[in-house]
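Examining the three-dimensional arrangement
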Amino acid sequence: MGTLYQGPPDTAIHDLKVTIQESQLVFPAQETQSKSMFLSNIDQVLNFNVQTVHFFPANLEFPPKIVADRLRTALSNVLVPYDFLAGRIQLNPHSGRLEIDCNSAGAVFAVASSEFALDDIGDLVYPNPAFGQLIVEKVDAIGSDDQPLCIIQLTSFKCGGFAMGVSTNHAMLDGLSFKIFLQNLASQAFDDKPLAIVPYDDRTVLAARSPPQVTFPHPELLKLKIPIGEEPSHPTFDCPQEELAFKIFRLSSDHISYLKEKAKASGPAAAAATATTNYRITGFNVVTAHVWRCKALSCDSEEGLERLSTVLYAVDIRPRMKPPLPASYTGNAVLTAYATAKCRELEEGPFSKLVAMVSEGAARMTDEYARSAIDWGEVYKGFPHGEFLISSWWRLGFAEMEYPWGKPRYSCPVVHQRKDIILLFPDIDAANANAVNVLVALPGKEMEKFQSLFHKLLEDN
């Protein structure tokens with residue numbers, strides 16, 4: 001049976017009492033070329049910041065002051081190959097497109113302290129809103145049009161442990177390229193160590209074709225009648241944040257093995273029913289199918305079981321392009337896959353068929369489909385559109401980064417509760433790499449149904 005993760009919502013510290021001690025601009029260690037960098041249509045719609053926090057236990061050989069000095073130098077070093085992170089995002093008045101002005105304006109490095117010890121914070125997996133104090137989101141002394149694209153904050157705790165908070169504009173990096181950025185940052189914190197991976201930053205490889213050729217329907221995308229680069233006017237939340245119940249559901253490796261066996265029960269029939277020849281029973285596919293079924297059936301609707309439900313999830317297109325993109329491609333190289341079914345099918349159909357539909361959604365993402373989606377963004381402008389998105393941080397491996405002072409105790413994004421996004425997080429115990437935490441925010445009644453279904457559907461044979 002799946003278990004609720006016993007986070008500390010009642011005992012969590014809501015104010016970490018963080019004091020910023022210093023904040024400064026950091027520039028590339030060497031002179032870099034002044035230029036404008038092209039942003040792909042995938043990058044264009046991701047003009048917002050993503051914050052992550054990486055917690056480290058105390059290391060007597062590396063007290064926080066030494067760590068701060070090393071990180072500051074490491075950041076300056078990586079800003080040479082990552083010169084765009086020292087630039088500023090701007091709107092080209094002629095093309096109407098966002099681009100990066102690689103002008104060496106600098107990234108920001110801040111040093112802070114907390115009045116608490118790391119162990120006082122309690123459960124690091126439970127996404128405490130107070131974690132937002134561990135990263136500077138914007139610099140008030142800098143104008144809104146000149147905000148840095150990369151900010152790092154090193155916060156020390158009373159015990160000698162510390163947290164590294166990182167904020168980057170999502171148009172700069174996706175999850176995989178951010179991981180490589182962290183690998184390179186970690187490498188430069190050592191003495192005389194080369195870059196772990198040389199980044200590839202030519203984003204024109206994902207430019208739209210001329211003329212654009214939209215060769216597929218794209219129900220996963222929503223046309224918007226706003227200039228590209230501007231914020232949409234629709235509300236971010238379906239309901240006020242305080243009206244959302246927030247819970248974490250943990251799936252152990254045994255639960256995931258059970259779901260895989262359940263998917264195998266009528267695998268060939270499921271593949272035939274969805275006309276897919278690439279039926280893959282993976283951990284991600286079975287977890288997505290399970291969460292999709294629970295989320296769709298927990299929603300009250302006048303249409304009842306005739307309502308169509310669409311789940312969205314990201315697919316890395318680097319290996320799917322022709323020729324494949326380098327694994328070190330720095331820009332956003334993920335597109336939104338989707339699976340759609342009536343709620344009746346989600347309730348009554350075999351689990352294996354749901355897994356097959358999720359698998360089919362990823363298999364659909366060929367080179368031509370990806371090119372069509374990129375060209376669609378050139379013609380229509382828009383955003384991914386569905387009932388909800390599953391955002392997976394499960395296998396990114398941020399906690400595997402090796403710094404001079406060791407690996408993080410835990411790494412996680414700063415979470416903002418949203419009804420339309422369900423997050424998958426790794427377990428804090430590296431030995432349980434196959435376990436996953438499912439973070440869900442829903443209105444109270446929907447959460448009750450979701451929780452009941454989540455457990456019940458793990459027990460059904």
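Residues numbered from 1 in each chain as written. Predicted model: local features only at pLDDT ≥ 70, side-chain atom pairs only at ≥ 80, totals over all residues. Heavy atoms only, no water.

Observations regarding the state of the cysteines
Selection rule: Working definition: a disulfide is two cysteine sulfur atoms within 2.5 Å of each other. Note on exposure labels: buried denotes an accessible area under 20% of the residue type's maximum, exposed denotes more than 50%, and partly exposed covers the range between, all computed with a 1.4 Å probe on protein chains only.
Overall, the coordinates contain 0 disulfides when judged by the stated rule. Not engaged in a disulfide, the cysteine cysteine 150 finds its nearest cysteine sulfur in cysteine 102; these two sulfurs lie 14 Å apart. Judged by relative accessible area, which is 0%, cysteine 150 ranks as buried. Between cysteine 343, a cysteine without a disulfide, and cysteine 299, which holds the nearest cysteine sulfur, the sulfur-to-sulfur distance is 7.4 Å. A relative accessible area of 2% places cysteine 343 in the buried class.

Section: the nonpolar core
The condition that has to hold: Among buried residues, the Ala, Val, Leu, Ile, Met, Phe, Trp, Tyr and Cys ones that are joined through side-chain atoms within 4.5 Å form a nonpolar core. Only heavy atoms matter for contacts: two residues are in contact if any of them lie within 4.5 Å across the pair.
By size, the foremost hydrophobic cluster in this structure holds 79 residues, and its most contacted members are Phe55, Leu75 and Met164. Those residues in contact with phenylalanine 55 that sit more than four places away from it in its chain are Leu118, Ile121, Leu124, Phe131, Leu134, Phe157, Phe162, Ala163, Pro408, Arg409, Tyr410 and Cys412. Counting residues in each nonpolar core, the second largest holds 59 residues, with Cys294, Tyr313, Ile374 and Val436 among its members.

Considering helix 3 (residues 175–188)
What counts, and what does not: Secondary structure elements are taken from DSSP: a helix is a run of H or I of four residues or more, a strand is a run of E of two residues or more, and numbering for both begins at the N terminus. Here the expected span of a helix is defined as 1.5 Å times the quantity of residues minus one.
Across its 14 residues, helix 3 extends 20 Å between first and last C-alpha, which sits within 8% of the 20 Å expected from 1.5 Å per residue. Among the 14 residues of helix 3, 10 are classified as buried, and the element is accordingly described as predominantly covered. When we look at burial in helix 3, the residues that qualify are Ser177, Phe178, Ile180, Phe181, Leu182, Asn184, Leu185, Ala186, Ser187 and Gln188. Lining the buried residues of helix 3 we find strand 4 (49–56), helix 2 (64–78), strand 8 (150–156) and strand 9 (162–169).

Describing the environment of proline 212
Among the secondary structure elements, proline 212 is positioned in the loop between helix 3 and strand 10 (221–223). Here proline 212 falls in the partly exposed class, since its relative accessible area comes to 33%.

As for the confidence of the model for the chain
Worth spelling out the cut-off: Per residue, pLDDT captures the predictor's confidence, and it can take any value from 0 to 100.
Across the chain, the average pLDDT comes to 90, with 90% of residues at or above 70. For the stretch residues 231–239, pLDDT sits under 50, and the model shows 13 contacts to residues farther than four places along the chain or on other chains.

Quick notes on the packing of helix 4 (residues 253–264) against helix 10 (residues 444–459)
So the rule is basically this: Axis lines are fitted to C-alpha atoms, over the contacting stretch for helices. Their N-to-C directions set the angle, which ranges from 0 to 180 degrees. Gly is put with the polar residues, along with every residue not named as nonpolar or charged; the nonpolar set is Ala, Val, Leu, Ile, Met, Phe, Trp, Tyr, Cys and Pro, and the charged set is Asp, Glu, Lys and Arg.
With their axes 10 Å apart at the nearest point, helix 4 and helix 10 run at an angle of 65° to one another. Along the contact surface, helix 4 presents Tyr258, Leu259 and Lys262, while helix 10 presents Leu457, Leu458 and Glu459. Class assignment for the residues of the contact of helix 4 with helix 10 results in 4 nonpolar, no polar and 2 charged.

Remarks on the layout of surface pockets
Convention followed: Cavities and pockets are defined on a 1 Å grid built over the protein atoms alone: a cavity is a set of grid points where a 1.4 Å probe fits but cannot escape, while a pocket is an open set with protein on both sides within 12 Å along at least five of seven lines, and lining residues are those with an atom within 4 Å of any such point. Grid points are joined across faces, edges and corners, and a volume is the space filled by probe spheres set on the points.
Considering only enclosed or pocket space, the second largest pocket measures out at about 370 Å³ in volume. Contributing elements (two or more residues each) for the lining of the second largest pocket: strand 16 (410–413) and strand 17 (421–426). Ranked by the residues each element gives to the lining of the second largest pocket, the list is headed by strand 16, at 4 residues. Residue composition of the lining of the second largest pocket, by class: 14 nonpolar, 2 polar and 6 charged.

Side note on the pattern of salt bridges
In plain terms, the rule: Here, a salt bridge means any Lys or Arg side-chain nitrogen found within 4 Å of an Asp or Glu carboxyl oxygen.
Scanning the entire structure with this criterion turns up 25 salt bridges. The salt bridge partner of aspartate 83 is lysine 35, with a shortest N-O separation of 3.5 Å. Separated by 48 residues along the polypeptide, aspartate 83 in the loop between helix 2 and strand 5 (88–91) and lysine 35 in strand 3 (residues 35–38) bring together distant segments of the chain. Look at aspartate 83 and you get buried, because its relative accessible area is 7%. Given a relative accessible area of 28%, lysine 35 falls into the partly exposed group. A salt bridge links aspartate 191 to arginine 70, with the shortest nitrogen-to-oxygen separation between them at 3.6 Å. Taken as a pair, aspartate 191 in the loop between helix 3 and strand 10 and arginine 70 in helix 2 lie far apart in primary sequence, 121 residues in all. What makes aspartate 191 exposed here is its relative accessible area of 58%. What makes arginine 70 partly exposed here is its relative accessible area of 23%. One connected set of salt bridges, linked through shared partners, spans Glu22, Lys65, Asp69 and Arg72.

Considerations on the side chain of asparagine 285
Using the following cut-off: Polar contacts, as used here, are pairs of N or O atoms within 3.5 Å; protein pairs need one atom able to donate a hydrogen and one able to accept it. Residues neighboring in sequence count only if both atoms are side-chain atoms.
Positionally, asparagine 285 belongs in helix 6 (residues 283–297). Within the structure, the side chain of asparagine 285 is placed 2.8 Å from the backbone oxygen of arginine 280, a separation counted as a polar contact.

A word on the pairing of strand 9
Convention followed: Think of it this way: DSSP has to see at least two bridges between two strands before they count as a pair.
With 8 of its 8 residues buried, strand 9 lies for the most part within the structure. Along strand 9, one buried face is formed by Phe162, Met164, Val166 and Thr168 and the opposite face, lined by Ala163, Gly165, Ser167 and Asn169, is buried too. Both strand 4 and strand 9 contribute to a ladder of 8 bridges, which runs antiparallel. Bridge pairing in strand 9 links threonine 52 to valine 166. As paired elements, strand 8 and strand 9 share 7 bridges and run antiparallel to each other. For serine 156, the partnering residue across the bridge sits in strand 9 and is phenylalanine 162. Taken together, strand 8 and the strand that follows it, strand 9, pair antiparallel across an intervening segment of 5 residues, in which glycine 160 is found at a positive phi of about 100°.

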